[in-house]
Amino acid sequence: NDAYYDDINMIYNALFDMKYGNSARISFKQLKLANTSGINKQKQIDISYTTEYRDVQNEINLYSSALRQINPLSEFLDYYRVIESVSCSNGVCWIEKHLDKIKDYNFGYVAILTEPLINPKIQNIFFLYKKRALSRLNYYYKQKKTTCDIANYFYKEIRCGIAHGRKDVKIFDFKTDLQTIVQDNYIIKLLARMAIEEKMRGS
């Protein structure tokens, strides 16, 4: 039904503006070739998704679902499910092992353009994510939290608090729970991406 998909597209555009700002645009590099008349043409980039990403299709679906969430609690849970899928466990040991790798990890390059009509500024969105993730990690380290403490906190307090309804339930309260999880999402988002790439490499 075209009307349904048109509505979904409008919703996702609105969510993007809420998360990144209504003047921000994310763009991907395109290959340009000069033709004989000297006019540059964009060449269509053909990526064999099925071949390249077959082994991580479930994790990519979970990661994609997280990106489409406006509710930070649902976003965190979907990122965490990526790690559970890759580690075939509750993810605690995997997170503990990988937290300190964020600082030096190369997450690639995706350009985000802000204020395009006034003062265009292009940045790598992963630079921004990493900066915020490391700031959040430093906050935990200053509280004398170890990587083991943080990993257990992410699982027992946040992941289980979102997924279960028995005790210590995390709620969309516009206060402590929400603000905390918004900041932790930068860490878990990068860890989820690392998990996908690690599985693709077979390591």
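Bear in mind the structure is a predicted one, so any value in this text is a computation, not a measurement.

### Notes on the environment of threonine 147
Piece 1. Here threonine 147 lies in helix α7 (residues 147-163).
Piece 2. For threonine 147 and leucine 137, which are 10 residues apart along the polypeptide, the C-alpha to C-alpha distance reads 9.2 Å.
Piece 3. Once residues lying within four places of it in the same chain are set aside, the contact partners of threonine 147 are Glu96, Leu99, Asp100 and Tyr141.

### A short note on helix α3 (residues 57-67)
Each α-helix turn comprises 3.6 residues. Residues three or four places apart therefore point the same way.
Piece 1. Along α3, the positions that sit buried rather than exposed are Glu59, Leu62, Tyr63, Ser65 and Ala66. Projected down its long axis, α3 shows its buried positions confined to an angular sector of 155 degrees, all on one face.

### Describing the environment of alanine 192
Piece 1. Within the fold, alanine 192 resides in helix α8 (residues 176-201).
Piece 2. Residues alanine 192 and valine 86, 106 residues apart in the sequence, show an inter-C-alpha distance of 9.0 Å.
Piece 3. For alanine 192, the contacting residues outside a window of four places in its chain are Tyr63, Tyr79, Val82 and Ile83.

### Remarks on the packing of aromatic side chains
Piece 1. If you walk through the whole model with that rule in mind, you get 13 aromatic pairs.
Piece 2. Taken together, the aromatic side chains of Phe76, Tyr80, Tyr139, Tyr140, Tyr153, Phe154 and Tyr155 make up a single cluster linked through ring pairs.
Piece 3. Between the NZ or CZ atom of lysine 189 and the centre of the ring of tyrosine 129, over which it lies, the distance is 4.6 Å.

### Topic: the nonpolar core
Piece 1. Judged by nonpolar contacts, the single largest core of 45 residues is most densely connected at Ile95, Phe154, Ile187, Ile188 and Leu191.
Piece 2. Elements with a contribution of two residues or more to this core: α3, α4 (72-87), α5 (92-98), α6 (125-142), α7 and α8.
Piece 3. Examining the composition of this core, we find that 10 residues originate from one element, α8, more than from any other.

### Examining the confidence of the model for the chain
Interpretation of this model should avoid reading the predicted coordinates in detail wherever pLDDT is low.
Piece 1. Averaged over the chain, the pLDDT score is 84; the fraction of residues at 70 or greater is 81%.
Piece 2. Summarising per-element confidence for the chain, the mean pLDDT is lowest in strand β2 (residues 31-34) (48) and highest in α5 (97).

### So, the environment of lysine 131
Piece 1. Note on placement: lysine 131 falls in helix α6.
Piece 2. Overall, lysine 131 belongs to the exposed group, its relative accessible area being 56%.
Piece 3. Sequence separation of lysine 131 and isoleucine 187 is 56 residues, and the distance between their C-alpha atoms is 9.9 Å.

What counts and how
- The residue numbers shown here count from 1 along each chain, following its written sequence.
- Two thresholds apply to this predicted model, a pLDDT of at least 70 for residue-level local features and 80 or more for giving and counting side-chain atom pairs, whereas whole-chain, interface and lining totals are computed over all residues.
- Excluding hydrogens and water, the side-chain values take into account all heavy atoms of the structure.
- Only DSSP runs of H or I with at least four residues qualify as helices, and only runs of E with at least two residues qualify as strands; both kinds are numbered from the N terminus onward.
- Pairs of residues are marked as contacts when any of their non-hydrogen atoms sit within 4.5 Å.
- Throughout, exposure labels follow a simple rule: accessible area from a 1.4 Å probe, protein chains only, divided by the maximum for the residue type, with under 20% read as buried, over 50% as exposed, and the rest as partly exposed.
- Read the arc as the range of directions from the helix axis to the C-beta atoms.
- Only rings of Phe, Tyr and Trp enter the pairing, Trp through its six-membered ring, and a pair is recorded when the two centres are within 6.5 Å. The plane angle decides the type: under 30 degrees is stacked, over 60 is edge-to-face, the rest tilted.
- Should the NZ of a Lys or the CZ of an Arg lie within 6 Å of a ring centre and within 35 degrees of the ring normal, that charge is described as sitting over the ring.
- Within this scheme, the nonpolar core is defined by two criteria: the residues are buried Ala, Val, Leu, Ile, Met, Phe, Trp, Tyr or Cys, and they are joined through side-chain atoms within 4.5 Å.
- pLDDT measures the predictor's confidence residue by residue and takes values from 0 up to 100.

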